[in-house]
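Breakdown of the fold
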Amino acid sequence: MTTLLDLADIQGGILRAYGRQGFPKARAFFLTLRGDGAAGRAFVEALRPRVTTAARWRDPHRGEALLRTRAPRLKDVARAEDEDDYPGEVTLVKPTVTLNLAFTFYGLLALGVPIRTLRGMPDEFIDGMAQRAEILGDDPFLDTRDVVWRDSAGENRVHILVMLNAQMNPDGTPVAELEMETTRLRDLCAASGGHVVLLSGTGPDGADFQEMSAVLRPGEHGLAPTNKEHFGLSDGFGDPVFEGQFPPALEALRVIGGGKLMSDQTWAPLATGEFLLGYPDEAQEIPGAAMPIEFSRNGTFMAYRKLHENVASFATYLRDQAQTYAALHGIPQAEAEAILRAKLVGRWEDGIPLQAAPTHADWLAFQEELAQAKAAKDKPRLAALALRYTDFTYRDDLAGTTCPVAAHMRRANPRDMLDPHVTDPDPTRGDGSALVNRRRILRRGLPYGGPSQGGSGTDSGEQGIIFLAICASLFRQFEFVQQQWMQYGLDFDAGSDTCPVIGNHPKGDPHHEPKLVIAVEPGGGRRPYICSAIPQLVEPRGGDYFFMPSMTALRLIGTGITDPT
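An unreviewed UniProt entry lists the protein under the name Peroxidase, with Methylobacterium currus given as the organism. Regarding the protein, the UniProt comment filed under Cofactor (unreviewed entry) reads as follows: "heme b".

The following block contains the structure:
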């Protein structure tokens, strides 16, 4: 580890996902400011002491996690070896509710941040997500956004995002402190005399906050959170690893499959500047930023997106396609559905990647090996299995016969697939993942809605994912991945095919047949299978671009003393 981060200056939830730290419940509040900004600055100052930082905390309930029932994680391997799984000294007790702040460009303007500082902000952040709809592929869905986003203009423009993440009771309800923090927030707004307004209109019920929750399942001590979303897929594998994010022992493990692939086929952490402002990035440059540098350093940008999932369409499409696939290959319907689901995503429904278990039989064997290792409490074996969730490349699968080249996971992180020398027999002559290294994003967020929160489980129900993409450059990282890799297929020799899961699948366009080609080994006696007429599975319901400042910058904003010189 060559970079030491000032954890107390970085907002929490950036370095690690709250959902994996025991905060499976969350609420997002959107506020607008009216007046000259003084009340807004007072609001920020009132909340600033309560903001959760990235400083390491002590978890009184931390136990042995490697042998838990879910798939082992790399940090569990470190814990099992009694290694620290997070940098820094322990000085804090784990909170029951976290609180974090972020601002749109117009929010910073309303708070009185000097124009000379705001001029240093990137164009895409100034534009905001709605103005970038055509780039993002959101334009067909603008009329179906939640009211809070459709009306985000004038005196209803979203200026501030307040995020609360909370721990959970055994019965699946959030801890009482979440409601207490909500009441405190509303009281602060009421005390502002109408200058800080909590906006309503999130979801079909017009609520004044966006509720979120991990998908739950019965556990040993009540309900337990999972890493599932409403399609039934496991998520949260393969997040990028960057310098300073973890202590050395854990970095050495997490970087395998999570960092950047070097030309000698080893893995190294990505540059910190890809995810935090004020640090060198993969180009070995410190990009220009809003001045003074204290305003930008340790801050970052975040794309907040509400992604609705058409659950019924997904289930129906899989069932119908599986009938054909099962008949062609002479296999049971359930097996065909599992295979097609894995081919669409790139992982089996429990998260095991196709590169680690290419066939249905391999997947069952992996599961059996995992069950045996857990039963025997065989930590070395569990550690080896945990690494197989992330430690793979596509060098040996360039045709996509194991994992389709246009599968969702492969689009999001092509690893070595786009290396111009990837076909060279000597892998050490390649460039590793140099191109991909500049497109990585930290994925945060939680599911919302679903059967446990009033959703119907149909297409019209309230269910999906609140997707948070964190990166130093929304344009170079988030927008590139969303536009070039999710809404096109050219980089993967897949023509105009969009991502089979989150891509746009317009109906009735003869020049744009939504499909996924499942390739097969040449000479294997089987024909490729084409998943055709893929329906619209995911629809954006709104969002915006936010700046997550450091604690230093929060003080500058709240006290109104930002000096751009």
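**Here's the deal with the overall build of the protein**
A tally of regular secondary structure across the protein gives 17 helices and 17 strands. Rg of the C-alpha trace for the protein: 23 Å, near the compact-globule value of 24 Å for 565 residues, within the 12% margin. In terms of overall dimensions, the protein has C-alpha extents of about 75 × 55 × 50 Å along its principal axes. For the protein, buried positions account for 57% of its 565 residues. Of the roughly 22800 Å² of accessible surface on the protein, a fraction of 52% belongs to carbon and sulfur atoms.

**As for the pattern of salt bridges**
Considering all chains together, one arrives at 26 salt bridges under this definition. The shortest N-O distance in the salt bridge between Arg186 and Asp208 comes to 2.9 Å. A residue pair is termed long-range when its members are at least 10 positions apart, and Arg186 in helix H8 (residues 176-190) and Asp208 in the loop between strand E6 (196-198) and strand E7 (210-213) qualify at 22 residues. Judged by its relative accessible area of 31%, Arg186 is partly exposed. Arg410 is the partner of Asp397 in a salt bridge, and the nearest nitrogen-oxygen pair spans 3.2 Å. In this pair, Asp397 sits in the loop between helix H14 (379-387) and helix H15 (408-412) while Arg410 sits in helix H15, placing the two residues 13 residues apart along the sequence. Each member of the pair Asp397 and Arg410 is classed as buried. Several salt bridges converge on common partners, so that one network encompasses Arg20, Asp235, Asp239, Arg443 and Arg444.

**Here we look at the packing of helix H1 (residues 38-47) against H8**
Packing of H1 against H8 leaves a shortest axis separation of 10 Å and a crossing angle of 155°. If you check the angle between H1 and H8, you find them roughly antiparallel. The hand of the H1/H8 crossing is right-handed. Seen from H1, the contacting residues are Phe43, Ala46 and Leu47; seen from H8, they are Leu185, Leu188 and Cys189. Its residues placed into classes, the contact of H1 with H8 shows six nonpolar, no polar and no charged.

**Some points on empty space enclosed by the protein**
Applying the stated rule across the entire model yields five cavities of 30 Å³ or more. Space inside the largest cavity adds up to approximately 800 Å³. The wall of the largest cavity is formed by 37 residues, among which Asp235, His408, Ala412, Arg443 and Phe467 lie closest to the centre. Elements represented by at least two residues in the lining of the largest cavity include exactly strand E12 (300-309), H15, strand E14 (463-471), helix H16 (474-486) and strand E17 (538-548). Tallying contributions element by element places H16 first for the lining of the largest cavity, with four residues.

**Things to note about the nonpolar core**
Leu101, Leu108, Val162, Phe295 and Phe478 are the most contacted members of the largest nonpolar core, which has 107 residues in total. Ignoring anything within four residues of it in the chain, the contact list for Phe295 reads Leu108, Val113, Thr117, Met121, Ala290, Phe547, Ala553, Leu556, Ile557 and Thr562.

**Section: the state of the cysteines**
Taken as a whole, this structure holds zero disulfides when the rule is applied. Take Cys403: it sits in no disulfide, and the sulfur closest to it among the cysteines is that of Cys499, at 11 Å. In this structure Cys531 is not part of a disulfide, and its nearest cysteine sulfur, from Cys499, lies 13 Å away. Residue class for Cys531 comes out buried when judged on its relative accessible area of 1%.

Rules used in this analysis
Residues numbered from 1 in each chain as written. Predicted model: local features only at pLDDT ≥ 70, side-chain atom pairs only at ≥ 80, totals over all residues. Heavy atoms only, no water. UniProt positions renumbered as here; feature names shortened; annotations may be inferred. Helix = DSSP H or I, 4+ residues; strand = E, 2+ residues; numbered from the N terminus. Rg over C-alpha atoms; globule rule 2.2 N^0.38 Å. Buried < 20%, exposed > 50% of the residue type's maximum accessible area, 1.4 Å probe, protein only. Areas by Shrake-Rupley, 256 points an atom, 1.4 Å probe, with all protein chains shown as cover. Salt bridge = Lys/Arg side-chain N within 4 Å of Asp/Glu carboxyl O. Axes fitted to C-alpha atoms, helices over the stretch in contact; angles between N-to-C directions. Parallel < 35°, antiparallel > 145°, perpendicular 65-115°, else oblique. Left-handed = near helix turned anticlockwise from the far one by under 90°. Contact = heavy atoms within 4.5 Å. Nonpolar A, V, L, I, M, F, W, Y, C, P; charged D, E, K, R; others polar. 1 Å grid on protein atoms, 1.4 Å probe; cavity = no way out; pocket = protein on both sides within 12 Å on 5 of 7 lines; lining within 4 Å. Points joined across faces, edges and corners; volume = space filled by probe spheres on them. Core = buried A, V, L, I, M, F, W, Y, C linked by side-chain atoms within 4.5 Å. Disulfide = S-S within 2.5 Å.

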